[in-house]
Amino acid sequence: MMANWGYQDGSGKYFITIDTDKCDGCGACVEACPQGVLEVGEDPADPLRDEPVAFAGEEQRKKLKFACSPCKTYLTSVDGAESSMPTPELLAEERQKLPCVAVCDKAAITHSW
Ligand code: SF4
Ligand code: SF4
C-alpha cells in the first residue's frame, strides 16, 4: 500500500510516500533524518498490520515543507529564497540523495516535491 503523509497548500504538494509493501520497519530512515520527521511503529494507516512500518510523525506531517527544507537545498538559493523550479530530471536525481531516501535499501520512500 502507498501511504501518503503530508498536505497540499497553495504553494504545492508536500507528501512523503511510504510503500508499506516494501518497508520492513528497519528504522534506518529514522536514524538518518536530522529533523525527526520519520518514525517507525504501528501503521497509522493500517491498524490491522502486525509489522512495524515507517511514517511521518503526526506533528511533522503538518509542516513537511519546512521540516524537510534543510535537506532540500536544491529548492532554495543561497539567501534562502525559493529558487526557480529545477527540471523534473534534476528534481528526481536530487530526491534520490535525500538522507531518508538514500539510506532506504528497499526503495520504500518517495517525496512529492
Ligand atoms: S529505511 Fe526504508 S525499509 Fe527501513 S524503515 Fe525506513 S522506509 Fe522502511
Ligand atoms: S528530507 Fe527526509 S531526511 Fe530530510 S528532513 Fe525530510 S524526511 Fe528527514
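Heads up: the structure comes first, above all this text.
Calculation rules
- Residues numbered from 1 in each chain as written.
- Chains lettered and ligands numbered in written order.
- Predicted model: local features only at pLDDT ≥ 70, side-chain atom pairs only at ≥ 80, totals over all residues.
- Near = placed C-beta within 6 Å.
- Nonpolar A, V, L, I, M, F, W, Y, C, P; charged D, E, K, R; others polar.
- Pairing = 2+ DSSP bridges.
- Helix = DSSP H or I, 4+ residues; strand = E, 2+ residues; numbered from the N terminus.
- Axes fitted to C-alpha atoms, helices over the stretch in contact; angles between N-to-C directions.

### Here we look at the site of ligand 2
Item 1. Neighbouring ligand 2 are Ala 32, Cys 33, Pro 34, Gln 35, Val 37, Leu 38, Ala 67, Cys 68, Cys 71, Leu 98, Pro 99 and Cys 100.
Item 2. Partitioned by chemical class, the residues of the shell around ligand 2 number eleven nonpolar, one polar and no charged.

### Let's talk about the site of ligand 1
Item 1. Of all residues adjacent to ligand 1, which total 15 residues, the nearest are Cys 23, Cys 26, Cys 29, Ala 54 and Cys 104.
Item 2. Per-class residue counts for the shell around ligand 1 are eleven nonpolar, two polar and two charged.

### Topic: the sheet that holds strand S1 (residues 2-9)
Item 1. The three strands are arranged S1-S2-S5 in an open sheet whose pairing can be described as antiparallel. Since the sheet does not close on itself, it has two edges, and those belong to S1 and strand S5 (109-111), each with one partner. The average undirected angle you get between the axes of adjacent strands in this sheet is 10 degrees.

### A word on unusual backbone geometry
Outside of glycine, negative phi angles account for most residues, and trans bonds account for most peptide bonds.
Item 1. With a phi angle near 55 degrees, Ala 107 is a residue other than glycine that sits in the positive phi range.
Item 2. Relative to the helices and strands, Ala 107 resides in the loop between helix H4 (99-103) and S5.

### Brief notes about the environment of Leu 91
Item 1. Assignment of secondary structure puts Leu 91 in helix H3 (residues 88-95).
Item 2. Taking the C-alpha atoms as reference, Leu 91 lies 20 Å from Cys 29; in sequence the two are 62 residues apart.

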